[in-house]
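A closer look at the structure
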Amino acid sequence: MKTGVNQPLNILLVRVSSLGDVLHNLPIVSDIARHFPDANIDWVVEEGYTSLVRLNARVRTVIPYALRRWRKSLNRSSTRAQIAAFFHALRHQPYDYVFDTQGLLKTGIIMGAARLNPGGQKVGLANGSEGSGYEGVSRLFHTKSIRLDPRTHAVARGRLVVAAALGYTIDSLPDFGLTSGAAARPDWLPSEPYAVYFHGTARTAKKWALQNWIALGHQLEPMPILLPWASAEEHAAAKWMASKLKNARVLPKLSMDDAVALARHAALAIGVDTGLTHVAAAFARPTVELYCDSPRWKTEGNWSPNIINLGQCGAPPDVGAVIAAAAHLLA
C-alpha cells in the first residue's frame, strides 16, 4: 500500500500481553521507523504494560486495554463506560495497517473494531508457534494472514509479519528502542553494582531449585543480591533465600516502572524464562537466562554477547554452569 506525498503511514500494533511478549514486540517499532521514518505508530496493550511501551519514543499513542480488570466487574456501569471509552479511543484514528501479532480471539476482536483508511489492511498470523496459545479464529478479522515457520523465535515472528506486509526484509539485530524517559538510577537501588535474581514465574516447572540460587549467591559474595517477588509464594521464597545469604535483600513489591528500573540498572541479572529476565536482556545488561521447562529457541536472548542462555526444556542448567557464566559476565 502506498500513500500520497506528505501522507505518512498510520499503523496500529495490537499486542496486549504478557510482559515478555509485549517486550518481544518492541523491535517492530524500530523496524518500521527505520524503513518509514514518518510513520505514526500506535499500540494497544494491557494497562499494566503501558509504561514499558512508552519507553519507546517512536510509539505515538498507547491505547490502554484492561480486560483483566474489566472481566471482574462487567455488571458495573462504570466498567461498561470504560469499555465504551476504549473502543472510542481505538476507532478515533483510521489506519493504513493494523497488525495483530498475538493471534487470539480477543486481539482479533480489537483488530476487527479498528478503522481502516481506504485500501488499508489488517494483518496477522496465519499459524501459531509450537506450544503457543494461538487461536485460529483470529484469522476471521484479517485481510491478510502471514504464515511462518512454527519454530520461529518470539522476537522474529512479529518482525517478519510486519516486514512481509510492508515490503522490507529483516537484516539487522532487534532494536528494542528502550531509550525514552529518564534513565537515572532510582534512590532505592544500591549505589554499588548489584545482582538481581528473577526467580519467580507462574509455572512451577520453569523454576530453578532454591538450593541452586543459594549456592550461586555464596559465589557472588559480597556483591549485593536483590530479590523481587510478585506473589505470596515468591515472597516466601525470597525471604528464605535472604535468610541463607548475608548479601541478599528482599525488595518490597515493585510497580512495573520500578521492576523495569531494577532490570535496567543491574550489573548482573540472573533469571528463569520470565518477563523481567527478558527486560534485562533487552537492555543488554549482563544476563544469564535459565531455561528449565520451556524451549530455549523460542525466547533466548540472541542479540548481545552480554546474554548467556543456559538449560533447555526438561534439562535445567547445573549450578556450576551458571556460576561460570556469571563470572564470565562480571569479569
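The structure under discussion appears in the preceding block.
This text gives an overview of the structure that appears in the document.

Parameters at a glance
- Residues numbered from 1 in each chain as written.
- Predicted model: local features only at pLDDT ≥ 70, side-chain atom pairs only at ≥ 80, totals over all residues.
- Heavy atoms only, no water.
- Axes fitted to C-alpha atoms, helices over the stretch in contact; angles between N-to-C directions.
- Helix = DSSP H or I, 4+ residues; strand = E, 2+ residues; numbered from the N terminus.
- Parallel < 35°, antiparallel > 145°, perpendicular 65-115°, else oblique.
- Left-handed = near helix turned anticlockwise from the far one by under 90°.
- Contact = heavy atoms within 4.5 Å.
- Nonpolar A, V, L, I, M, F, W, Y, C, P; charged D, E, K, R; others polar.
- Expected span 1.5 Å × (residues − 1).
- Buried < 20%, exposed > 50% of the residue type's maximum accessible area, 1.4 Å probe, protein only.
- Pairing = 2+ DSSP bridges.
- Right-handed = clockwise from strand over helix to strand, strands pointing away.

Some points on the packing of helix H10 (residues 256-264) against helix H11 (residues 275-282)
- The geometry of H10 relative to H11 is characterised by a closest axis approach of 8 Å and an angle of 50 degrees between their N-to-C directions. In terms of axis orientation, H10 runs oblique to H11. Seen along the crossing, H10 lies across H11 with a hand that is right-handed. Within the contact between the two elements, H10 uses Ala259, Val260 and Ala263 and H11 uses Leu276, Val279 and Ala280.
- For the contact of H10 with H11, the per-class residue count stands at 6 nonpolar, no polar and no charged.

Some details on helix H7 (residues 154-166)
- The end-to-end C-alpha distance of H7 is 19 Å, a good match for the 18 Å that 13 residues give at a rise of 1.5 Å each.
- Val155, Arg157, Gly158, Arg159, Val161, Val162, Ala163, Ala165 and Leu166 are the residues of H7 that are buried.
- The elements touched by buried residues of H7 are strand E1 (10-14), helix H1 (19-25), helix H2 (27-35), strand E4 (95-100), strand E5 (116-125) and strand E6 (144-146).

Topic: the pairing of strand E12 (residues 307-311)
- Of all the 5 residues making up E12, 5 are buried; the element is thus mostly covered by neighbouring parts of the structure.
- Pairing of strand E11 (residues 287-291) with E12 involves 5 bridges; the strand directions are parallel. The residue bridging Val288 from the neighbouring strand is Ile308, located in E12.

Quick look at the sheet that holds strand E10 (residues 268-272)
- If you trace the 6 strands from one edge of the open sheet to the other, you get E9-E8-E7-E10-E11-E12, paired in parallel fashion. Pairing within the sheet leaves two strands with one partner each, and these edge strands are strand E9 (248-250) and E12. Sheet twist, expressed as the average angle between the axes of neighbouring strands with direction ignored, equals 20 degrees.
- Sheet analysis places strand E7 (residues 195-198) next to strand E8 (residues 225-227), joined by 2 bridges and oriented parallel. Counted as the bridge partner of Ala195 is Ile225 from E8.
- Across the sheet, H11 lies against E7, E10, E11 and E12, angled at about 145 degrees from E11, the strand it touches most.

Focus: the pairing of E4
- Most of E4 sits out of view: 6 of its 6 residues are buried.
- As defined by bridge partners, E1 adjoins E4 across 4 bridges and the pair is classed as parallel. Within E4, the residue paired with Ile11 across the bridge is Tyr97.
- Direction of pairing for E4 relative to E5: parallel, over a ladder of 5 bridges. In the strand pairing of E5, Val98 is matched with Lys122.
- In this region the chain leaves E4, passes through helix H6 (residues 105-113) and returns to the parallel neighbour E5; the handedness of that crossover is right-handed.

So, the environment of Ser231
- Relative to the helices and strands, Ser231 resides in the loop between E8 and helix H9 (232-244).
- The exposure class assigned to Ser231 is partly exposed, which follows from its relative accessible area of 27%.
- With 31 residues separating them along the chain, Ser231 and Gly200 place their C-alpha atoms 8.4 Å apart.

Quick notes on the packing of helix H8 (residues 210-220) against H9
- In the contact formed by H8 and H9, the axes pass within 10 Å of each other and the chain directions differ by 40 degrees. The angle between H8 and H9 falls in the class oblique. As H8 packs across H9, the resulting crossing turns out to be right-handed. Along the contact surface, H8 presents Leu210, Trp213, Ile214 and His218, while H9 presents Ala237, Trp240, Met241 and Lys244.
- Classifying every residue of the contact of H8 with H9 by side-chain character gives 6 nonpolar, 1 polar and 1 charged.

So far we have only geometry, and geometry alone does not tell us how the molecule works.
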